[in-house]
Amino acid sequence: MDIKVTFSDNKEISFKEGIPAIEAVKAWKQEALSSAVAVKINKTPVDLSSPIKEDSKLELIDISSSEGLSILRHSISHVMAQAVQEVFPGAKVSIGPSIEDGFYYDFEYQETFAVDDFPKIEKRMKKIIDADYPFVREEFSRAAAVKLFEEKKENYKVELINDLPEDVQEVSIYKQGDYIDLCRGPHIPSTGMIKAFKLLNVAGAYWRGNENNKMLQRIYGTGFATEKELSEYLNLLEEAKKRDHRRLGRELDLFQVNEEAGPGLVIFHPKGMLLRYLIEEWERKEHLKRGYDMVMGPQILKVDLWKKSGHFDHYRENMYFTEVDEQVYGIKPMNCLSHMLIYKSKIRSYRDLPLRYFELGTVHRHEKTGVLHGLLRVRQFTQDDAHILCMPEQLNSEIRAIADFVNYAMGIFGFEYEVELSTRPENSIGSDEDWDLATTALENALKDNNITYDVNEGDGAFYGPKIDFKLKDALKRKWQCATIQCDFTLPERFDLNYIGADGEKHRPVMLHRVILGAVERFMGVLIEHYAGALPVWLSPVQCVLLTVTDKHIPYAETVHNKLIEAGIRSERYFDNEKLGYKIRQAQMQKIPYMLVIGDKEIEAGSVAPRSRDGKNLGSLPVDEFIALLQEICAKKQ
RNA sequence: GCCGAUGUAGCUCAGCCGGUAGAGCAACUGAUUCGUAAUCAGUAGGUCACCAGUUCGAUUCUGGUCAUCGGCUCCA
């Protein structure tokens, strides 16, 4: 029987039923095959060798597409697994998917793999690639597959098969050479198609991502269609290293994390503190503009209050405690408690709502040692925190206002972000009804505002669901900064009320939210985002005066005073060095403007600005330069 | 917390098989007074992360602790 195949250019060709996709493609466009890794038959990605069984739409998956690349990388991970098992007999395989920038494969092996083993493994991989083994797909019954992997002592694969849903009767396996792996596919036609790959690092990883399970050894690698793309990617990794905020923090003298002081505790140096001050000042003004009240609570509160809020039961392992006069106090890991007490200090009317309490609140959290990371993950940090107490019917507009605020703020810094809705976790407090209400409120607000979002099941806070805003840094890592959490529970536990229009008591709803998140983390992300070259309005030093010789110092002093007077953060660099040297130093400090002062400038009463991107702005009267800088700052550039 | 790696001068890094340490840059001093990314010379600087053990002797070997890095888990 003949079947009809429609290609991507809408051309239709008839074939015998069961013809391999690759043969059909040959009849259509032979040359398209050279860079095709797989095909989609009626939108389902399958191997090029797959038979076409019915009238179908056929699309090629090219190696240059993101889908094609991920198939290629998945295939490389199989080749790596084969190589690892050949080099290290007895190594057990588990899973090996493609990921955003490459792939990994998790192994169990009695000895530990080291980066030094990579050349051996890579050499073996090359051999496998040169042999050009085809990837052969076979269907197995569940039982036969279990038997096969049991014989091979691949207990992780057996576990994977046994955990498949009951209605799954058949599984597919892939072979290349002597290597057999349980895999859904699709794969590239043969190993010879792999042109560029590299193993990157080894790390421990829990089997199935569960910390109660055995830890396996994960080898990370990456692969590309061409050598050129691979080397571009490796260069990018090098570049990313250069903009690591920990390195820049030291080079630009912004902050330190000192072993003597303690892990995860940041010490801000003058320039770092100035940056922080500038961010915080901007934020305070933005909050006042948007109807927030500034408040401030104490750093420690009696343990009973933490018991009342539920933190003691659900967050204790992350908290620090201290004892004063035989009374136990909890050092705050969150700012909400004081804000609750402020609300409770008076009888509130529905006319008072919403109330928006804002605090740059410093909190302490006992984070596990292994997660600490520069400014991005610390044990003491300051949140730009606010708690909004409102009537349920005000939730939607409040959430909208926060989302607008976040959007505005991220726009200032030029960050892209993604939105996630996180739902009820296992260890949580409150009734199902309240969780439903809260989750629906967040969801509706997102929908009403046409905000696209993903759902993150079970990832909410213990007291309520949340909307997370994840922004992307220079290394494409996503960082949670802004978040909105909807909470019916704390108002209940603290018995918060307002008097409604009906004269009766009602329960307000609370939103917890942050815009930048933690100031420390945000600064870390900012530093990487700008590669240390902060915009002028945030630069701790906005311009530096460079004298050509000592005799230019008196004039440069008068210019400096004028700049300082005008509120510009100017620095003097009058050292007895050649101009080129001073420019290099200023350049490495990423100071936005270098003002060269020599005979010409003294004569003209001007400065000669050079921007850090290497442009000379010619000779400019001092007042004009001041006006220029002020204009740039006003535009938050 | 878990897996692995690492810890030598302010920074980046050498230091073979155990005999108490070097380089470049930075710093300091002097000379030089110079026009858009490194002037020259000299000087100083280290309990080799910390604590034990093995040894005649440990930066080097062994064990432990702490910290950092790459991941996992967790998270602002």
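Residues numbered from 1 in each chain as written. Chains lettered and ligands numbered in written order. Predicted model: local features only at pLDDT ≥ 70, side-chain atom pairs only at ≥ 80, totals over all residues.

Colleague: Explain the overall build of chain A to me, please; I cannot follow it from the model alone.
Modeller: From N to C terminus, chain A includes 19 helices and 35 strands. A principal-axis box enclosing the C-alpha atoms of chain A has dimensions of 85 × 75 × 55 Å. Within chain A, buried positions represent 35% of all 637 residues. The contacts of chain A with a sequence gap of at least 6 include a subset with a gap of at least 24, amounting to 67%. (Helix = DSSP H or I, 4+ residues; strand = E, 2+ residues; numbered from the N terminus. Buried ≥ 20, exposed ≤ 12 C-beta atoms within 10 Å, placed from the backbone. Contact = placed C-beta atoms within 7 Å.)

Colleague: I would appreciate a short explanation of the protein's contact with RNA strand B in the present structure.
Modeller: Lining the immediate surroundings of RNA strand B are 60 residues, of which Gly204, Thr369, Gly370, Gly517 and Gly598 lie closest. Those elements that provide at least two residues to the surface near RNA strand B are β14 (196–206), β15 (215–224), β27 (478–487), β30 (509–518), α15 (519–529), α17 (579–588), α18 (599–604) and β34 (606–611). Among the elements that line the surface near RNA strand B, the one with the most residues is α17, at seven residues. Looking at the surface near RNA strand B residue by residue, the class counts come to 22 nonpolar, 20 polar and 18 charged. (Near = placed C-beta within 6 Å. Nonpolar A, V, L, I, M, F, W, Y, C, P; charged D, E, K, R; others polar.)

Colleague: It is not clear to me how the sheet that holds strand β13 (residues 179–182) should be interpreted in this structure. Could you clarify?
Modeller: Two pairing modes exist for strands in a sheet, parallel and antiparallel, and in both the strands are linked by backbone hydrogen bonds. Ordered by their spatial adjacency, three strands build an open sheet running β11-β12-β13, and the pairing between neighbours is antiparallel. Of all strands in the sheet, those with a lone pairing partner are β11 (136–141) and β13, marking the two edges. The mean angle between the axes of side-by-side strands here comes to 30 degrees, regardless of whether they run parallel or antiparallel. In terms of strand pairing, β11 meets strand β12 (residues 170–176) through six bridges, oriented antiparallel. Residue pairing for β12: Ser141 is matched across the bridge by Glu170. (Pairing = 2+ DSSP bridges. Axes fitted to C-alpha atoms, helices over the stretch in contact; angles between N-to-C directions.)

Colleague: What's the story with the pairing of strand β24 (residues 417–422) in this structure? I'm lost.
Modeller: Side chains on a regular strand alternate between the two faces of the sheet. In this sheet, strand β26 (residues 466–472) lies alongside β24 in antiparallel orientation, the contact comprising six bridges. Of the residues in β26, the one forming a bridge with Leu421 is Ile467. In this sheet, strand β25 (residues 454–456) lies alongside β24 in parallel orientation, the contact comprising three bridges. Each bridged residue has a counterpart across the sheet, and for Glu420 the counterpart in β25 is Asp454. Handedness of the crossover is the feature at issue here: the chain leaves β24, passes through helix α13 (residues 432–448), returns alongside β25, and the resulting connection is right-handed. (Right-handed = clockwise from strand over helix to strand, strands pointing away.)

Colleague: Looking at this structure, I do not really get the confidence of the model for chain A. What am I missing?
Modeller: Fine structural detail should not be taken from predicted coordinates in areas where pLDDT scores are low. For chain A, the average pLDDT comes to 93, and 99% of its residues sit at 70 or higher. As scored by the predictor, the complex reaches a pTM of 0.91 and an ipTM of 0.93. (pLDDT = per-residue confidence, 0-100.)

Colleague: Before we go on, may I ask you to explain the domain arrangement of chain A in this structure?
Modeller: Think of interface size as the accessible area that goes away when the parts come together; that is how it is often given. Split by domain assignment, chain A resolves into domain 1 (2–62), domain 2 (69–233), domain 3 (255–297 + 333–529) and domain 4 (536–634). Centre-to-centre, using C-alpha coordinates, domain 1 lies 51 Å away from domain 3. (Domains from an automatic or database assignment.)

Colleague: Explanation requested: the packing of helix α12 (residues 395–413) against α13 in the structure shown.
Modeller: A pair of packed helices is captured by two measures, namely the crossing angle of their axes and the spacing between those axes. Look at α12 against α13: their axes get within 9 Å of each other, and the N-to-C directions meet at 60 degrees. The pairing of α12 with α13 is recorded here as oblique in orientation. Read as a crossing pair, α12 and α13 show a hand that is right-handed. Here Leu395, Asn396, Ile399 and Arg400 of α12 lie close against α13, whose contacting residues are Ala441, Leu442, Asn444, Ala445 and Asp448. Residues that form the contact of α12 with α13 fall into these classes: five nonpolar, two polar and two charged. (Parallel < 35°, antiparallel > 145°, perpendicular 65-115°, else oblique. Left-handed = near helix turned anticlockwise from the far one by under 90°.)

Colleague: In this structure, what is going on with the sheet that holds strand β22 (residues 355–364)? I would like to understand it.
Modeller: Taken in spatial order, the eight strands of this open sheet run β18-β22-β23-β30-β27-β26-β24-β25, and their pairing is mixed. The open sheet has two edge strands with one neighbour each: β18 (293–294) and β25. Sitting on the sheet, α13 is in contact with β24, β26 and β27, with an inclination near 120 degrees to β27.

Colleague: Could you clarify how one ought to interpret the environment of Met391 in this entry?
Modeller: Within the secondary structure, Met391 is located in the loop between β23 (380–390) and α12. It is 7.5 Å that separates the C-alpha atoms of Met391 and Tyr350, two residues lying 41 residues apart in sequence. Beyond its immediate chain neighbours, meaning those up to four positions away, Met391 contacts Tyr350, Leu353 and Pro508.

Colleague: Got a minute to help me understand the environment of Val607 in this structure?
Modeller: You can see Val607 is positioned in strand β34. Put simply, Val607 and Tyr530 are 77 residues apart on the chain and 27 Å apart in space, counted from C-alpha to C-alpha. Apart from residues no more than four positions distant in its own chain, Val607 is found in contact with Val559, Leu595, Ile597, Glu601, Leu620, Val622 and Phe625.

Colleague: Looking at this structure, how should I read the pairing of β23?
Modeller: Within β23, ten of the eleven residues are buried, which leaves the element mostly enclosed by the surrounding structure. As defined by bridge partners, β22 adjoins β23 across ten bridges and the pair is classed as antiparallel. Bridging from a neighbouring strand, Thr362 pairs with Thr382 of β23. Examined bridge by bridge, β23 and β30 share seven bridges and lie antiparallel to one another. Looking across to β30, one finds that Ala386 is bridged to Arg513.

Colleague: Explanation requested: the packing of helix α4 (residues 142–151) against helix α5 (residues 155–162) in the structure shown.
Modeller: Their axes nearest at 8 Å, the elements α4 and α5 cross at an angle of 165 degrees. Between α4 and α5, the angle is such that the two are roughly antiparallel. When you trace α4 past α5, the crossing you get is left-handed. Mapping the contact onto sequence places Arg142, Ala145, Val146, Phe149 and Glu150 in α4 and Lys157, Val158, Ile161 and Asn162 in α5.

Colleague: Would you take a moment to explain the nonpolar core for this structure?
Modeller: Taken as a class, soluble globular proteins show a tendency for nonpolar side chains to be buried jointly. If you look at the biggest cluster of nonpolar residues, it comprises 63 residues, and the most contacted ones within it are Ile399, Val406, Leu442 and Phe522. Apart from the residues lying within four places of it in its own chain, the contact partners of Phe522 are Cys481, Leu516 and Gly517. Of all hydrophobic cores here, the second largest spans 51 residues; its members include Val37, Ile121, Ile161 and Leu182. (Core = buried A, V, L, I, M, F, W, Y, C linked by C-beta atoms within 7 Å.)

Colleague: Help me understand helix α16 (residues 553–565), please; the structure alone is not making it clear to me.
Modeller: Between its first and last C-alpha atoms α16 spans 18 Å; for 13 residues at 1.5 Å apiece the expected length is 18 Å, and the two agree. Within the sequence span of α16, burial applies to Ala556, Val559, His560 and Leu563. Take α16 and look down its axis: the buried residues cluster within an arc of 105 degrees, on one side only. What points out from α16, more than 90 degrees from its buried face, is the exposed set Pro554, Thr558, Asn561 and Glu565. Check the buried side of α16 and you find it contacts β31 (543–547), β32 (570–573), β33 (593–597), β34 and α19 (622–634). (Expected span 1.5 Å × (residues − 1). Arc of directions from axis to C-beta.)

Colleague: Could you clarify how one ought to interpret unusual backbone geometry in this entry?
Modeller: As a rule of thumb, non-glycine residues mostly have phi less than zero, and peptide bonds are mostly trans rather than cis. In this model, Gly185 is joined to Pro186 through a cis peptide bond whose omega is -5 degrees. Within the fold, Pro186 resides in the loop between β13 and β14. With an omega of 0 degrees, the peptide bond running from Leu353 to Pro354 counts as cis. Positive phi outside glycine occurs at Asp495, with the angle close to 50 degrees. With respect to the helices and strands, the residue Asp495 is situated in the loop between α14 (489–493) and β28 (498–499).

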